[in-house]
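Structural features, examined
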Amino acid sequence: MRTVPCVSTASVSGARQLLSDWLCLRLCAPIPITMLWTACRAVRRFSTAAIRSQNKLNVALIGQSLFGQEVYTNLRKQGHKVVGVFTIPDREGKADPLAVAAEKDGTPVFKFPRWRLKGKPIGDVVEAYKSVGAELNVLPFCSQFIPMEVIDHPRHGSIIYHPSLLPRHRGAAAINWTLIHGDKVGGFTIFWADDGLDTGPILLQKECNIDPNDTVDSLYNRFLYPEGITSMVEAVQLIAEGNAPRIIQPEEGATYEGIQKKENSKISWDQPGEAIHNWIRGHDKVPGAWTLIDGQAVTLYGSSMYKDAMPSGQPLEINGASKPGLVTSKGLVLFGNDGKMFVVRNLQFEDGKMIPASKYFSSGDDVAVELTEEEKKAAEEIKAIWKSILSNVDVIEDATDFFKSGAASMDVVRLVEEIKQKCSGLQLQNEDVYMATKFEDFIQMVVKKLRGEGEEELEVDYVSMDVNDMTVKMPHQCFIDGRFTNSEDGKTYSTINPTDGSVICEVSSPTAADVDRAVAAAKDAFENGQWGKMNARDRGRLLYQLADLMEKHQEELATIEAIDSGAVYTLALKTHIGMSIQTFRYFAGWCDKIQGSTIPINQARPNRNLTFTKKEPIGVCAIIIPWNYPLMMLAWKSAACLAAGNTLVLKPAQVTPLTALKFAELAARAGLPRGVINILPGSGGLVGGRMSEHPDIRKLGFTGSTPVGKLIMKSCAASNLKKVSLELGGKSPLIIFNDCDLDKAVRTGMGAVYFNKGENCIAAGRLFVEESVHDEFVQRVVKEIKKMKIGDPLNRSTDHGPQNHKAHLEKLLDYCEIGVKEGATLVYGGKSVLPPGFFMEPTVFTDVEDDMFIAKEESFGPVMVISKFPDGDVDGVLQRANNTEFGLASGVFTKDIAKAMYMSDGLDAGTVFINTYNKTDVAAPFGGFKQSGFGKDLGEEALHEYLRTKAVTVEY
């Protein structure tokens, strides 16, 4: 008689309880006759005749766990009739998930502790099975010995799921041995059962690449579980249609590794680092690879290869190792005999206690925290969750151990998810349950997490500055794969405070190799990490948490923005930072609302078709932002990018990197997984150039000048035809008619030009004022300019701060000189003030002709360029306003609604403001026409810049 070979196939959280489950089943008592009688009566009650649809089968499902439950559910959805479910007895009063689902549907359920006794089939069990009249046995997750009398009974026989590419890794621990051997490719097989050990003919196989840091859990959850369920149903349908192959397994390449025991899982240190890492991850969590440390056996969990520079840490002697390990903030760094490093995250001692490896030298236990009244209420709610899971336990006490009370790995998932629902914002992982198995310890852990304590340490080499009545702490290194790190060559550059020309700090200057590292981290996070597998609602929750953390630090962020970019603090607080927070909250709400559509197409009769579209993330995206709104431009693009499910590599402007790097810190603290966000300051030509040509980047979003945008677009096309969106230069017209509210037109017109020191992509680059109100408009503007206070942006009464950097100030002064030389009238300003800072007076030019340089070119500064137009010449001024290669924004002031709407139809710009200006909102799409670029930021349309549409057609 054969044993079903999928003993090691894991439940949804991995194969952790497999060995104990298997042993429990082997040691169970014989079946009570009453159970058999009840089952047989159930069969008779439900065995009514029915007419089945074509190519559908009567299926007996023999198995257990969530895997078995999903196969059961999907077989029924496909129209197959499950005539009986055969699963394991209840444990501690809890039914297996497969039994729960079947009983809910009224499907006959049999809970046999065993099928054989002393090597022979139990007659009553076999007869109970035969009574359901199955045409096919499906064994998706079965840890029991099934007699051949049952395997061969249906007319189609039996098919079984096995988690390896047979004949490779035959036997019970296939997933583990796949990792232990360091296989680069893995997968699963569905095969026809025979009386050998996983030797029956193959029906179908599917394979996947194995990441060097894959674990049993990650491999199972990413591929073996979801694809296995789909393929089991596919195999049944192939059998129903008579198309199922029987491919004889070769003996060449077959292995027969057995289930590892604890005594055999000791680590041999005389091996390369990768081989030791494979041994550890292949034994995680059962039975666990161990070694001797300080004379006691210590089990190592959570291994990953370590490729960064050797970290600093405290040496730890490892028995038999070629050199001591290092206890670091990242974990226990260990070495193979080839010097290759790997890091272990958790350690478990002989008494069962598990600790983070980084805490090995910490003295004693953590000090218990005193719970507040609110935390005590939360603890009672958590206790109720424990009680609902551990239904066999009368009272949950402080000393109650989750696993010793009968919980299995599937209960870990339920516990974590239920508590996360109760405690909004709590970052709780399955691993945390294993680290605190007693109720008292678990509550302490949860409370500390809710308080923000005990988080994985993020190492930040801050530059601190006492300014604006606070101490601001600014990261200054590259942020790659969840860590702040120096550039590969260690080079830095100075970032300057435009208020006084002083150096704020030295910032890492990344190389092309650093770009490659960041892209590799983003790609891995997208393809293999949590982000790519995360439920869309959970992704939104993390973005909400990030927005909350930005709000908590908004004064610090606004202060950094003021000293690094020259933004007036009050404006930075409201707009630069305030709108950034709003943007992340807006797109967080979109995460679970991204939808495709169904499309009616011509039917190919006699078959029918279903066509639908799916909106999918693109992958790794690059984002390059300008220096005028350092954080807000980051938010406008990256929030939509992340909400769509992509990962990103972002380059802030070289002259304003600090809020982007602070944002990276907050993103890590908000719980965004490593590699999802990578920030590289530095040279646009070097870093931006490498981004635009990188073959693994699939989308690039750029905000900046038109000439640079053209170069980027050319490079993106030549490299890999990556998708591009561009928000480029502008020369936005603002038309002021004589029938407007002139007070409002003056006030808003000044804001349209001087807002954020004129460093504003949609600034009104040219004002057209109707002749009859022209002179009065100019006089009022000059009068208001003289009231403006120029000075320190951190002073709350300042209206106008310094220009962003010295080179830009010099460009603006040259711009004004050209205007004067061409014959325009300099009414006010045109010069710098308050050295050594980079301040410029708000400037006004009149008598500007259409062919002048300042009428055509963008200043990107506080320069108002005014031209008059004859009264009543609506079409003439519209033609003049459109006589530009730019088309970012435009504005109209008039009380005549018909005129306003006529102008809005005729203006060739992506945004038209009527009786207002600079009125952007997170829900309204923003982007230009012509050489102002293409693509949209903000609003629902921004999401589509970071999504791709896939059409799927199904014939049925």
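Criteria and cut-off values
Residues numbered from 1 in each chain as written. Predicted model: local features only at pLDDT ≥ 70, side-chain atom pairs only at ≥ 80, totals over all residues. Heavy atoms only, no water. Helix = DSSP H or I, 4+ residues; strand = E, 2+ residues; numbered from the N terminus. Buried < 20%, exposed > 50% of the residue type's maximum accessible area, 1.4 Å probe, protein only. Contact = heavy atoms within 4.5 Å. Areas by Shrake-Rupley, 256 points an atom, 1.4 Å probe, with all protein chains shown as cover. Phe/Tyr/Trp six-rings, centres within 6.5 Å; stacked < 30°, edge-to-face > 60°. Lys NZ or Arg CZ within 6 Å of the ring centre and 35° of its normal. Pairing = 2+ DSSP bridges. Axes fitted to C-alpha atoms, helices over the stretch in contact; angles between N-to-C directions. Parallel < 35°, antiparallel > 145°, perpendicular 65-115°, else oblique. Nonpolar A, V, L, I, M, F, W, Y, C, P; charged D, E, K, R; others polar. Bend = angle between axes of the 7 residues up to and from the residue. Polar contact = N/O pair within 3.5 Å; in protein donor to acceptor, adjacent residues only side chain to side chain. Salt bridge = Lys/Arg side-chain N within 4 Å of Asp/Glu carboxyl O. Core = buried A, V, L, I, M, F, W, Y, C linked by side-chain atoms within 4.5 Å. pLDDT = per-residue confidence, 0-100. Patch = residues over 30% accessible without salt bridge, like charges linked within 9 Å, V, L, I, M, F, W, Y side chains within 5 Å. Lys, Arg positive; Asp, Glu negative; His and termini not counted. Charge placed at Lys NZ, Arg CZ, Asp CG, Glu CD. Expected span 1.5 Å × (residues − 1). Left-handed = near helix turned anticlockwise from the far one by under 90°.

Now for the overall build of the chain. In terms of regular secondary structure, the chain is built from 29 helices and 42 strands. When its C-alpha atoms are laid out on the principal axes, the chain stretches across 105 × 75 × 60 Å. A buried classification covers 57% of the 956 residues belonging to the chain. Taking the intrachain contacts of the chain between residues at least 6 apart in sequence as the baseline, contacts between residues at least 24 apart amount to 71%. Surface exposure of the chain reaches about 39200 Å², of which carbon and sulfur atoms provide 50%.

This brings us to the packing of aromatic side chains. With the rule as written, the count across this model stands at 27 aromatic pairs. Taking 5.6 Å as the distance between ring centres and 35° as the angle between the ring planes, the aromatic pair formed by phenylalanine 188 and phenylalanine 223 counts as tilted. Note that phenylalanine 188 is positioned in strand S8 (residues 185-192) and phenylalanine 223 in helix H8 (residues 216-240), a separation of 35 residues in sequence. Like phenylalanine 188, the residue phenylalanine 223 is buried in the burial classification. Aromatic ring contacts, followed pair by pair, group Phe67, Tyr161, Phe188, Tyr220, Phe223 and Tyr225 into a single cluster. The aromatic ring of tyrosine 946 is capped on one face by lysine 699, whose charged end is 3.8 Å from the ring centroid.

So, on to the sheet that holds strand S38 (residues 889-893). Within a sheet, each strand pairs with its neighbour through backbone hydrogen bonds, oriented either parallel or antiparallel. Across the sheet, seven strands lie side by side as S32-S35-S36-S31-S30-S38-S39; this open sheet has mixed pairing. With partners counted over all chains shown, the strands left at the sheet margins are strand S32 (825-828) and strand S39 (911-914), one partner each. On average, each strand axis in the sheet is inclined to that of its neighbour by 25°, with strand direction left out of account. Pairing geometry for strand S35 (residues 843-846) and strand S36 (residues 863-869), over three bridges, is parallel. In the sheet register, valine 844 faces S36, and the bridge partner there is methionine 864. Strand contacts of helix H28 (residues 897-906): strand S30 (732-736), S38 and S39, with the helix running at about 165° to S39, the strand carrying the most contacts.

The contact between helix H18 (residues 569-588) and helix H19 (residues 630-643) brings their axes to 8 Å, and the two run at 5°. Looking at the two axes, H18 sits roughly parallel to H19. Mapping the contact onto sequence places Thr575, His576, Ile577, Met579, Ser580, Thr583, Phe584 and Phe587 in H18 and Pro630, Leu631, Met632, Leu634, Ala635, Trp636, Ser638, Ala639, Ala640, Leu642 and Ala643 in H19. Of the residues assigned to the contact of H18 with H19, the class counts are 14 nonpolar, five polar and no charged.

Looking now at H8. Along H8, the sharpest change in direction is near 35° and occurs at leucine 224; proline proline 226 comes one to four residues later. The buried count for H8 comes to 19 of 25 residues, which makes it a mostly enclosed element. Where H8 ends, the next residue or the one after it, glycine 242, has phi of about 75°, a positive value.

With respect to the secondary-structure elements, threonine 798 resides in the loop between helix H24 (771-785) and helix H25 (806-821). A residue is classified by how much of its surface remains accessible, and threonine 798, at 5% relative accessible area, is buried. Engagement of the side chain of threonine 798 in a polar contact is seen with the backbone oxygen of aspartate 792, the distance being 2.7 Å. When neighbours within four sequence positions are excluded, threonine 798 is seen to be in contact with Val568, Lys789, Gly791, Asp792 and Pro793.

Attention shifts here to the pattern of salt bridges. One pass over the structure, following the stated rule, counts 38 salt bridges. Between aspartate 516 and arginine 690 there is a salt bridge, and its shortest N-O distance comes to 2.8 Å. With a gap of 174 residues between them, aspartate 516 in helix H14 (residues 512-527) and arginine 690 in helix H21 (residues 684-693) connect regions that are remote in the sequence. Here arginine 690 falls in the buried class, since its relative accessible area comes to 19%. Put simply, glutamate 665 and arginine 669 hold a salt bridge, and the shortest N to O gap is 3.0 Å. One end of the pair is glutamate 665 and the other is arginine 669, both in helix H20 (residues 658-669) and four residues apart, which spans about a single turn. Of the residues examined, glutamate 665 reaches a relative accessible area of 3% and is grouped as buried. Sharing partners across several salt bridges, the network here consists of Glu556, Lys662, Glu665 and Arg669.

Strand order across the open sheet formed by seven strands is S3-S2-S1-S6-S7-S8-S9, with mixed pairing between neighbours. In the strand order of this sheet, the two ends are held by strand S3 (109-111) and strand S9 (202-209), each with one partner. Strand-to-strand twist in this sheet, taken as the mean axis angle between neighbours without regard to direction, amounts to 15°. Along the sheet, helix H3 (residues 65-77) contacts strand S1 (58-62), strand S2 (81-87), strand S6 (136-139) and strand S7 (158-162); its crossing angle with S1, the most-contacted strand, is approximately 170°. Against the sheet, H8 contacts S1, S6, S7, S8 and S9, and its axis sits at roughly 155° relative to S9.

Mapping lysine 722 onto the fold places it in the loop between helix H22 (706-720) and strand S29 (723-727). Here the side chain of lysine 722 touches histidine 694 through a polar contact of 3.1 Å, landing on its backbone oxygen. There is a polar contact of 2.9 Å between the side chain of lysine 722 and the side chain of asparagine 720. Discounting residues that sit within four places of it in the chain, lysine 722 has contacts with Met691, Ser692, Glu693, His694, Ile697, Arg698, Lys699, Leu700 and Cys716.

The next subject is the nonpolar core. With 107 residues, the main nonpolar core has Phe584, Leu672, Leu767, Phe777 and Met864 as its most contacted residues. If one sorts the elements of this core by residue count, H19 sits on top with eleven residues. If we skip the residues at most four places from it in the chain, methionine 864 touches Gly749, Met750, Val753, Tyr754, Leu767, Phe777, Val781, Thr843, Val844 and Phe845. Within the second largest apolar cluster, 41 residues are counted, among which are Trp192, Leu204, Leu219 and Ala240.

The pLDDT averaged across the chain works out to 89; a share of 93% of its residues lies at or above 70. Low pLDDT (under 50) marks residues 1-53, which in the prediction has 141 contacts with non-local residues, meaning those over four places away or in another chain.

On to the pairing of strand S21 (residues 492-497). Residue alternation in S21 divides its side chains into a buried set, Tyr493, Thr495 and Asn497, and an unburied set, Thr492, Ser494 and Ile496. The loop that links S21 with its antiparallel partner strand S22 (residues 502-508) comprises four residues; one of these, glycine 501, has a positive phi angle of about 75°.

Before going further, it helps to examine unusual backbone geometry. Following leucine 166, the chain continues to proline 167 via a peptide bond in cis, the omega torsion being 10°. The topology assignment puts proline 167 in the loop between S7 and helix H7 (174-180). For the peptide bond that leads from proline 835 to proline 836, omega is 15°, which places it in the cis range. You can see proline 836 is positioned in the loop between strand S33 (832-833) and strand S34 (839-840). In the Ramachandran plot, asparagine 468 falls in the positive-phi region, its phi being about 60° despite a non-glycine side chain.

On the surface, a cluster of negative charge is contributed by Glu397, Asp398, Glu440 and Asp441. Note on placement: glutamate 397 falls in the loop between helix H10 (373-389) and helix H11 (409-422).

Together, Leu610, Val954 and Tyr956 line one region of the surface with nonpolar side chains, adding up to about 280 Å² of accessible area. By the secondary structure assignment, valine 954 is in strand S42 (residues 947-955). The exposure class assigned to valine 954 is partly exposed, which follows from its relative accessible area of 36%.

Below, the discussion takes up H24. The α-helix winds at 3.6 residues per turn, so residues separated by three or four positions along the chain end up facing the same way. Over its 15 residues, H24 extends 22 Å from the first C-alpha to the last, a length consistent with the 21 Å expected when each residue adds 1.5 Å. For H24, the set of buried residues is Val773, His774, Phe777, Val778, Val781, Val782 and Ile785.

With that out of the way, let us pick up the packing of H19 against H20. Across the interface, H19 lies against H20 with an axial gap of 8 Å and an inter-helix angle of 50°. In terms of orientation, H19 and H20 fall into the oblique class. Pair H19 / H20 crosses with right-handed handedness. On the side of H19, the interface is formed by Pro630, Leu631, Leu634 and Ser638, while H20 contributes Thr659, Ala660 and Phe663.

So, on to the environment of leucine 543. With respect to the helices and strands, the residue leucine 543 is situated in helix H16 (residues 536-552). Here leucine 543 falls in the buried class, since its relative accessible area comes to 0%. Between the alpha carbons of leucine 543 and serine 890 there is a distance of 33 Å; along the sequence they are 347 residues apart. Every residue in contact with leucine 543, bar those within four places of it in the chain, is listed here: Phe584, Ala588, Cys591, Ala639, Leu642, Ala643 and Leu672.

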